[in-house]
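Tertiary structure, described
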Amino acid sequence: DMALEASVINILFIVTESKSANGICCRAVMEQLVSEGHNIYCITNSEYTDFPKADGVFYKTVKPRLTYRLFAKSEITEGTNKKIRSFLAAVINKIKLFISIPTWPLISPLYSNRLFKAAFALCKSNKIDCIIPIYTQIDTLIAARRIKRKFPDIKYIPYFLDSFSGGYGPKNFSKEWTIKRGIKWEDKLLPEADRIVMMKSCEEHYKKYSANKSYYNKILFLDLPLFIPRVVNNDSNFFNNDKINLLYIGTIPVHIRNPEYFLKLFCELPGDDIALNIIGSCTVPELLYCFSERDKRIHIGKPVNHETALSMISSADFLINFGNNNTHMTPCKIFEYMSYGKPIISVSPIKDEPSSRYLEKYPLSLIIKEY
């Protein structure tokens, strides 16, 4: 609607973790808006290393939460210091989580305030027309809602790349508690929104829990913005070209997507002409290393930047997806996988695994039904 009213729009995105899957999705949207001639601004976390930037976007960084800084620092540290930083970050994170149970998912009001101050400065000096906070992280929504109250003419459009009330909470809390708490926060933050964008995978959840809410009719259920057909380039040195290379690339939060079933299955496959390459971080790294010691055809690699990840996807023979055990969370990597036209092997741990509804329409997919 705004595009009809003005030829050029000033849009401010708030995305806390530019290196995350959500950050990559957000970058794709920003790049498209830049290509259409709009002025795009982005507030994001400051990092110890470079983060992927969209061409033509003005970035302003803020200091992230303490635990995020410790985890990020541990990633670029080696030896004993790495273990100390990781342990310290984990302990502080659990303490902060315990203290913030009454306000969860708000864990750090100071961090939310830093985002608001940065947004306020940009809105005041650049005549921002629209602010788009990216969830996951409640802080972006809190900051943007405060901006809406300070500047009522600015359009406030929350963008949920993960489900809020239909997503995951702390593992010690029940699903019912997480849903109830999420809805409570949605009722606080969404009524003032001008539009709300959510993922198609969580539509049934919101039909069930939010159909009677005042903001429900403002919701647009869209899909992940990463299906961009790409040219395949097999001229790389990432893998042994004498092998059939299987690749999983990305994070592995084991409580959401557990690779154990597929790893056991792979170990049963005969032949020395295949290799399974797992690139990225895992919340239970010992699980991966246990299997790599058991089967020398399994290779574990550290996280890489997005550009390198795309090159590795282009070079692999088969792409692996570990499906989510939450029906409301579609892993965005499957859209990038499909954009290369490569064969995809996907493990489906539950009957309504959200990747499957897309991969069933993709001619080069094999869906392994773990259940």
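What comes next is a walk through the structure. (Residues numbered from 1 in each chain as written. Predicted model: local features only at pLDDT ≥ 70, side-chain atom pairs only at ≥ 80, totals over all residues. Heavy atoms only, no water.)

Remarks on the overall build of the protein chain
Cut-off, in case you're wondering: Only runs of H or I of at least four residues qualify as helices and only runs of E of at least two qualify as strands under DSSP, and these elements are numbered from the N terminus. In this description, contact between two residues means that some pair of their heavy atoms is separated by no more than 4.5 Å. Counted charges follow a simple rule, with Lys and Arg positive, Asp and Glu negative, and His plus the chain ends left uncounted. For this purpose, a charge sits on NZ of Lys, CZ of Arg, CG of Asp or CD of Glu.
Regarding its fold elements, the protein chain presents 13 helices and 14 strands. Seen through its C-alpha atoms, the protein chain measures out along the principal axes to roughly 65 × 45 × 40 Å. Considering only contacts within the protein chain whose residues lie at least 6 apart along the sequence, 69% involve residues at least 24 apart. Counting 49 positive and 38 negative side-chain charges, the protein chain places the centres of these two groups 9 Å from one another.

Remarks on the sheet that holds strand 9 (residues 244–249)
Across a sheet, strands are paired by hydrogen bonds formed along the backbone, either parallel or antiparallel in direction. Defined as follows: One bridge is not enough; two strands pair if DSSP finds at least two bridges between them. Note on definitions: angles span 0 to 180 degrees between N-to-C directions of axes, and those axes are lines fitted to C-alpha atoms, for helices only across the stretch in contact.
Overall, parallel pairing links the 6 strands, which are arranged 11-10-9-12-13-14 in an open sheet. The sheet terminates laterally at strand 11 (298–301) and strand 14 (365–369), the two strands that pair on one side only. Taking the axes of each pair of neighbouring strands and ignoring which way they run, one obtains an average angle of 20° across the sheet. Alignment of strand 9 against strand 10 (residues 274–279), held across 6 bridges, turns out to be parallel. When the bridges of strand 10 are listed, isoleucine 249 appears paired with isoleucine 279.

What to know about unusual backbone geometry
The following threshold applies: A simple rule labels every residue: compare its accessible area, found with a 1.4 Å probe on the protein chains alone, to the largest value its type can have, and call it buried under 20%, exposed over 50%, or partly exposed in between.
In this chain, tryptophan 104 is followed by proline 105 through a cis amide linkage whose omega measures 10°. Mapped onto the fold, proline 105 is located in the loop between helix 4 (79–99) and helix 5 (109–126). Its identity as a non-glycine residue notwithstanding, lysine 127 has a phi of 50°, on the positive side. Positionally, lysine 127 belongs in the loop between helix 5 and strand 4 (130–135). For lysine 127, a relative accessible area of 68% corresponds to the exposed category. At glutamine 137, a position not held by glycine, the phi torsion is positive, near 145°. Mapping glutamine 137 onto the fold places it in the loop between strand 4 and helix 6 (138–150). When its relative accessible area of 17% is taken as the criterion, glutamine 137 is described as buried.

Some remarks on the state of the cysteines
To be explicit about the condition: Any cysteine sulfur atom paired with another within 2.5 Å is treated as part of a disulfide.
Inspection of every chain in the model, using the stated rule, returns 0 disulfides. Summary of cysteine pairing: cysteine 42 is not part of a disulfide, and the nearest cysteine sulfur, belonging to cysteine 26, is at 5.5 Å. Lacking any disulfide linkage, cysteine 130 is separated from the closest cysteine sulfur, that of cysteine 123, by 10.0 Å.

Points about the side chain of arginine 181
Stated precisely, the cut-off is as follows: When a carboxyl oxygen of Asp or Glu lies within 4 Å of a side-chain nitrogen of Lys or Arg, that pair is called a salt bridge.
Mapped onto the elements, arginine 181 comes out in helix 7 (residues 175–189). An unpaired buried charge is present at arginine 181: no salt bridge exists, and aspartate 187, the closest side chain of opposite charge, is 11 Å distant.

Concerning the packing of aromatic side chains
Quick note on the threshold: In this scheme Phe, Tyr and Trp rings, the latter by its six-membered ring, pair at centre separations within 6.5 Å, and the angle between planes marks the pair as stacked below 30 degrees, edge-to-face above 60, and tilted otherwise. As a reminder, the over-ring test applies to NZ of lysine and CZ of arginine, requiring each to be within 6 Å of the ring centre and within 35 degrees of the ring normal.
Tallying each qualifying case throughout the model produces 12 aromatic pairs. On the numbers, 5.6 Å between centres and 40° between planes, the contact of tryptophan 104 with tryptophan 177 is tilted. Placement of tryptophan 104 in the loop between helix 4 and helix 5 and of tryptophan 177 in helix 7 is noted, with a sequence separation of 73 residues between them. Classification of tryptophan 104 as buried rests on a relative accessible area of 9%. Exposure remark for tryptophan 177: the relative accessible area of 25% places this residue in the partly exposed category. When the ring of phenylalanine 120 is compared with that of phenylalanine 151, the centres are 5.4 Å apart and the planes differ by 45°; the resulting orientation is tilted. Of this pair, phenylalanine 120 sits in helix 5 while phenylalanine 151 sits in the loop between helix 6 and strand 5 (155–156), and the two are 31 residues apart along the sequence. Phenylalanine 120 gets classed as partly exposed once you look at its relative accessible area, which sits at 27%. One aromatic cluster in this structure is built from Trp104, Phe173 and Trp177. Positioned above the aromatic ring of phenylalanine 116 is the side chain of arginine 146, whose terminal nitrogen or guanidinium carbon lies 3.7 Å from the ring centre.

This is a description of form; function is not addressed.
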